[in-house]
Amino acid sequence: MLSPRSVNVKSFRFIVFTTLVIFCVMLGLKLMVNLPEPSIYTVSDESKAVSSQSRQLRAQIGRLKLLLAKNGIANPYENLESLPTIYAITPTHTRPLQKAELTRISQTFLLVPNFHWIVVEDSETKTPLVTNLLAQSGLMYTHLNAETPKEWKLLLDDPQWKKPRGVKQRNAALQWLRNHADPRKPAVVFFADDDNTYSLELFEEMRTTKKVSVWPVGLVGSVRFERPILDEHGKVANWSTGWRPERPFAIDMAGFAINLKLLLDNPQAEFSFDAPRGYQESTILAAVVTKDELEPKASKCTKVYVWHTRTENPKLDDLKGKVPGMIVDWTVEV
Ligand code: UGA
Ligand code: MN
């Protein structure tokens with residue numbers, strides 16, 4: 001028979017045990033709720049990569065980078081040793097939209113850590129507009145120029161597709177990387193045309209590229225978006241494109257990134273004026289990778305993080321002398 005004392009001890013033990021369990025469950029719940037903010041460099045499948053707090057911090061860093069550049073002070077955020085560098089190669093040419101486009105994308109790039117912008121002007125010499133814009137940008141950058149040969153220059157009335165764009169400029173940037181980039185440091189190379197729109201998620205997706213990563217591109221090839229089609233193992237099987245899906249790599253220039261090591265190991269890999277129309281991407285990719293080695297990003301290629309936007313060329317009546325009484329003031333940079 002149980003004595004009243006042993007009943008008491010038992011119920012006491014039961015109470016202590018239950019209290020402990022409740023305490024542990026509550027502590028666990030609290031820890032889960034208070035988990036540290038995810039690092040701004042991780043990307044979850046749901047693409048909720050950047051918490052609002054991280055976004056705010058990143059915006060402050062972007063603002064600080066800009067302030068430091070404006071005051072001629074070196075940028076202390078330039079290199080986090082632990083993070084692969086992203087080299088973005090941008091060909092650019094003089095036109096009324098140029099400064100607006102470069103301003104727009106440079107201010108996105110300010111919010112990307114370990115970012116190195118290689119801007120290559122399609123011009124005989126470096127222009128003051130681009131020189132000043134880069135110096136004031138707050139970004140780590142390299143400024144080059146490489147003029148498209150006369151026979152490959154688009155004439156005023158030529159349709160856009162008639163000649164390839166950016167060939168000489170991108171090759172000049174690749175040459176610069178081969179001569180100057182430190183092969184021991186992890187880095188990824190991306191071709192960032194000056195007229196596209198880039199989301200911050202895109203850069204965190206591409207940063208982990210081992211060989212070549214691929215993802216969808218919005219508003220391109222006369223369709224809402226193009227993307228690699230994956231097989232049941234998650235490998236690229238085919239291409240969903242508005243145009244010439246039979247290309248070896250039927251993807252836009254904005255739809256892939258290449259690990260720097262691959263470009264250094266394959267010094268012959270470059271763009272070519274001789275490539276058939278729409279084959280620039282296939283030309284460089286075929287030189288460094290095979291289709292089955294591609295790494296699909298952006299939640300198995302279901303998210304659009306970059307758009308092939310093309311800004312409408314403005315109609316400028318003042319330049320044609322069509323605005324009575326208005327004198328074109330070239331001292332103001334637009
Ligand atoms: C599409 C692709 O998105 C480009 O990456 C590709 O180079 C091009 O087709 C092609 O097939 O050659 P699209 O929008 O038609 O692009 O080309 P643009 O945006 O006009 O030019 C691509 C880049 O080259 C831009 O950064 C642009 O500023 C630069 N560019 C263009 C020059 O440096 N010089 C030029 O005369 C024209
Ligand atoms: Mn474009």
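Our structure's up above, just so we're on the same page.
Here the structure is a predicted model, which means the values were calculated and not measured.

**Some remarks on the environment of Pro186**
Next, step 1: Mapped onto the fold, Pro186 is located in the loop between helix H5 (167-180) and strand E4 (187-191).
Next, step 2: In this structure, the C-alpha to C-alpha distance between Pro186 and Thr208, residues 22 residues apart in sequence, is 9.6 Å.
Next, step 3: Sequence-distant contacts of Pro186, defined by excluding residues within four places in its chain, comprise Pro84 and Thr85.

**Some remarks on the pattern of salt bridges**
Next, step 1: This structure, assessed with the given rule, holds 15 salt bridges.
Next, step 2: With a closest N to O distance of 2.7 Å, Glu333 and Lys99 form a salt bridge. Of the two residues, Glu333 sits in the segment after strand E12 (306-307) while Lys99 sits in helix H3 (residues 98-109), which places them 234 residues apart along the sequence.
Next, step 3: Classification of Glu333 by relative accessible area gives partly exposed; the value is 38%.
Next, step 4: Overall, Lys99 belongs to the partly exposed group, its relative accessible area being 24%.

**Considering the side chain of His308**
Next, step 1: Here His308 is to be found in the segment after E12.
Next, step 2: Excluding residues that lie within four positions of it along the chain, His308 makes contacts with Asn196, Val217, Gly218, Leu219, Val220 and Asp252.

Cut-off values and rules
Within any chain, residue numbers begin from 1 and follow the written order of that chain's sequence. All chains are assigned letters beginning at A, and all ligands numbers beginning at 1, according to the order in which they are written. Owing to the predicted nature of the model, reporting of local features is limited to residues with pLDDT of at least 70; listing and counting of side-chain atom pairs is limited to 80 or more, with chain, interface and lining totals taken over all residues. As a rule here, side-chain values come from all non-hydrogen atoms in the structure, and water together with hydrogens is ignored. Helix and strand definitions follow DSSP, with helices as H or I runs of at least four residues and strands as E runs of at least two, each counted in order from the N terminus. Should any heavy atoms of two residues lie within 4.5 Å, those residues are counted as being in contact. Whenever a carboxyl oxygen of Asp or Glu lies within 4 Å of a side-chain nitrogen of Lys or Arg, that contact is scored as a salt bridge. Throughout, exposure labels follow a simple rule: accessible area from a 1.4 Å probe, protein chains only, divided by the maximum for the residue type, with under 20% read as buried, over 50% as exposed, and the rest as partly exposed.

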